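Summary of structural features
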Amino acid sequence: MPTEVRLAAAEIAGAPGAWCPTLAPTGDRVAYVSDRSGVPRLEVAALDQQTPPAVLSGAEEEVVSVAWSPDGGWLAYLVSPGGSICAQLWAVRPDGTERHLVAGEDPRATVFAGGWTAAAGHYVCSIAPGDGPGADVVLVDVVSGAHRTLATGGFLAVTAVSADERTVLARRGPRGHRHVVLVDVATGTQRRVIPLGAPGGGASEDGRFAPDGSAVFLRAALPARPGLPRSDRTGLVRVPLDADRQPGPAQVLVARPDADLESYAARADGTVLCVWNADGVTELELRDLAGGGLVRAVPLPQPVMPGWSLSADGGTLLAELSGPTSPRSLWSVALDADREPVPLPSTPRRPDPHLLVTPVRLRYAAADGTELDGWLYTPPEAAGPNRTVVSFHGGPEGQERPDYHPVAQSLVAAGLTVFAPNVRGSGGHGAAFMAADDLAAREGSFTDVVATVEHLVAEGIALPGRVGAHGWSYGGYLTLVALTRWPDLFAAGATLAGMSDLRTFFAGTEPWMAAASVTEYGDPVTDRDMLAAISPMTVLDRLRSPVLLTHGDRDTNVPVLESIQAHQELTALGAPAELLLLRGEGHTIVGRENVLHLSERVAEWFDRWL
C-alpha cells in the first residue's frame, strides 16, 4: 500500500481510548480502563484534572473492567491473563497500595464480574471452575481473602445480592433462553422471578433489588404488539416480593416498540434512567417510574454509549461514548440541567477526523422479504461502484452499530467501501429476529449474505467481481461459509477468530461456553451431523478465493486451532491462504501494536486481491 495509506492506518488503529468508568462515591475521582500505554490498564484520575492520571494495575495485567466500592476504600478489577478469557479478580486501594489477587488463582477458572454488596469489603462474582459447564456465585472478602459460595447449580451470572446477603439474583440458562432466578442462600432454592408463560418469562436479565427490598426490577423481553413488527422488545419490569421474598405478578413499567432497554438505574426522585438501543443508536431518557411517562430526553454527543456510571445523587452521568470518528472516551453528562456534555480532560486524544468517514444506514430486503439493515462506509473519492468489503459482526447475537471500527476505517483509508450488515440473528431488532438463525434455521440465515451482496451491486455501490468478505468470531465463521457455499460471490476473504468446524469448536472451547452455545448452534452429540453440514471445514475444497486467517494465539473462546486447521487444509489443497497469529492476544485483539498490525494486514489483503 502507498505510504500515506499506511500512515493513515497507523493513526486510525493506533488511537487510544478510555472505557468502563466508575465514579468514586465522593464524586471527585473516576477509575476507568485505558489503553494509552498500548495495553488496557487501570487508571484513576481526579475530575478536576489537577494531577495526571495514575496507573494502578500491574505492568503485565491486561485489565477488562473496574468497579469502585460503595465506601470508597477499594477498586475491584478483572484481569485477562495474557489475553486469556479465564479472567482473574484483583483488588487495590485507590492510592495504589495493597494490590492483590482475590479470585481466579486456578488458571482454568474464569471469574465473571458482579458487584460490591452493602457490606464493607464484600464483592460478589460468578466463578466457572474450568472443568464443567456451571458457574457459582461467590462472595469474596477483599481484605481477608475469604470466599463463601452463595449459590450453585447451573451457570449463574450474579446480578445482585440483597443488603443482608441472604438472597441472590442471578441470570441462568443458555444463549437466547436466559432468565433471572431468585436464590435463597440458606436453602439453595432457586425460583424464576417471572414464571414461564408470563410477560418477560421467556427471557430476562439484569435483575436488581428495589432500594427498600420490596421488589425486583429487571429487563425482560416483552410480547410483540399487534400490528407492530419487531416490537418484541426488552423493557423494564417490576416484580413485587412478599415478606418471605416470594415473587408476585410482574408489572411492565417502561417499554418502547422501537427500541430495546439496554440498561437502567432507578433514582431517588421516582424516575428511572433508561438507556435505549434504537436501531444501534443510544438514546438516553428519564422516565417516571409510576407511569412510565417521559420526563426528559438527554442528548448525547456520540451515537453509542457502551458503559456509564451514575453519581451518588443521581444527577450526573459519567458516560463512555463512542462514534465512527471517536474511539471510546469519557464524558460528564448532566441529567437534570440543560448543560452540554463535557469530555473529561483525562480522555486520550482523538485521531485526525479528516482520515475518518461517518457511515450511513442502509435498509434492504432478504430473499424472503425480511427487512435487513447495515452501515455503509464510503471513501470520499468513490463516485460510483467501488471495490467493497462486507464485514460481518460476531455473536451472532451482536449488532453492528455506528461506533469506532479501526479495521473498517483502515479499509476506507485504502480506498475500499465497507458495508457492515445486521443479518438475521443479530441483536437490537427484537427477540424473534435474534432467534431467527437458531439451530436448523441457520441454513436459511446464510442466504442473507447473498441478498446483501446483490443489493450492494444493484444499488451501484459494489463493483461486481470485486467484493470481499470479512468477519470476526461468528462473522469469521460466516465469512468461511460464504466463501465455500458461493465461491464466485466473493473475490477474497479475511477472518479473525472465526470457527471453521463447529464440532471442534464445541470440543475445544471453554466448558461453560460450549454449554451456553447448544441452543444457538445445536447439540455436539445429537446434532453432530447437522453441525458437520454447516461447518466450512467439511467443504473447504469448494473455496477458490484467497483467504487470510487471523487469530489471537491465546484464544480459548474460539480456540486458535479453528484457524490453524483451516489453514493447514487449504494449504494441502493448494488454495491461496495465509495465517496470521497475533502473539499474546485472546478472542478480542487489544494490544495497540497488534491492532495496528491487524488493520494494516487486512487492508493490504483486500487492496491486493480486490
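Computed from a predicted model, the values in this text were never measured in an experiment.

1. Focus on the overall build of the protein chain
- When its secondary structure is counted, the protein chain shows 10 helices and 36 strands.
- For 610 residues, the compact-globule formula gives about 25 Å, and the C-alpha radius of gyration of the protein chain, at 24 Å, lands near that figure.
- In terms of principal-axis extent, the alpha carbons of the protein chain reach across some 65 × 55 × 50 Å.
- Here the protein chain holds 610 residues, and 58% of them are scored as buried.
- For the protein chain, restricting intrachain contacts to residue pairs at least 6 apart in sequence, the fraction spanning at least 24 positions comes to 56%.
- When the accessible surface of the protein chain is totalled, it reaches about 23200 Å², and 54% of it is carbon and sulfur.
- In the protein chain, 47 side chains carry a positive charge and 71 a negative one; their mean positions are 1 Å apart.

2. Remarks on the nonpolar core
- Counting 48 residues, the largest nonpolar core has Y477, F490, M499, Y521, V547 and L570 as the members making the most contacts within it.
- Beyond its immediate chain neighbours, meaning those up to four positions away, L570 contacts L540, L543, V547, L549, A575 and A577.
- In terms of nonpolar packing, the next biggest core, distinct from the first, is built from 30 residues, V407, L411, L416 and F606 among them.

3. Brief notes about the sheet that holds strand 14 (residues 167-172)
- With antiparallel pairing, 4 strands are arranged side by side in an open sheet as 13-14-15-16. With partners counted over all chains shown, the strands left at the sheet margins are strand 13 (157-161) and strand 16 (190-192), one partner each. Strand-to-strand, the axes of this sheet are offset by a mean angle of 30°, without reference to chain direction.

4. Topic: the packing of helix 4 (residues 442-458) against helix 5 (residues 474-485)
- Across the interface, helix 4 lies against helix 5 with an axial gap of 10 Å and an inter-helix angle of 80°. The orientation of helix 4 with respect to helix 5, classified from their angle, is roughly perpendicular. In this structure, helix 4 contributes R442, E443, S445, F446 and V449 to the contact, and helix 5 contributes Y474, Y477, L478, V481, A482 and R485.
- Among the residues forming the contact of helix 4 with helix 5, the class breakdown is 7 nonpolar, 1 polar and 3 charged.

5. Thoughts on the side chain of S426
- Residue placement: S426 occurs in the loop between strand 32 (417-422) and helix 3 (431-434).
- At 2.8 Å, the side chain of S426 and the side chain of H393 are in polar contact.
- Of note is the side chain of S426, whose polar atom sits 2.6 Å from the backbone oxygen of V423.
- Leave out the neighbours within four places in its chain, and S426 touches H393, P396, E397, G398, F433 and M434.

What counts as what
Residues numbered from 1 in each chain as written. Predicted model: local features only at pLDDT ≥ 70, side-chain atom pairs only at ≥ 80, totals over all residues. Heavy atoms only, no water. Helix = DSSP H or I, 4+ residues; strand = E, 2+ residues; numbered from the N terminus. Rg over C-alpha atoms; globule rule 2.2 N^0.38 Å. Buried < 20%, exposed > 50% of the residue type's maximum accessible area, 1.4 Å probe, protein only. Contact = heavy atoms within 4.5 Å. Areas by Shrake-Rupley, 256 points an atom, 1.4 Å probe, with all protein chains shown as cover. Lys, Arg positive; Asp, Glu negative; His and termini not counted. Charge placed at Lys NZ, Arg CZ, Asp CG, Glu CD. Core = buried A, V, L, I, M, F, W, Y, C linked by side-chain atoms within 4.5 Å. Pairing = 2+ DSSP bridges. Axes fitted to C-alpha atoms, helices over the stretch in contact; angles between N-to-C directions. Parallel < 35°, antiparallel > 145°, perpendicular 65-115°, else oblique. Nonpolar A, V, L, I, M, F, W, Y, C, P; charged D, E, K, R; others polar. Polar contact = N/O pair within 3.5 Å; in protein donor to acceptor, adjacent residues only side chain to side chain.

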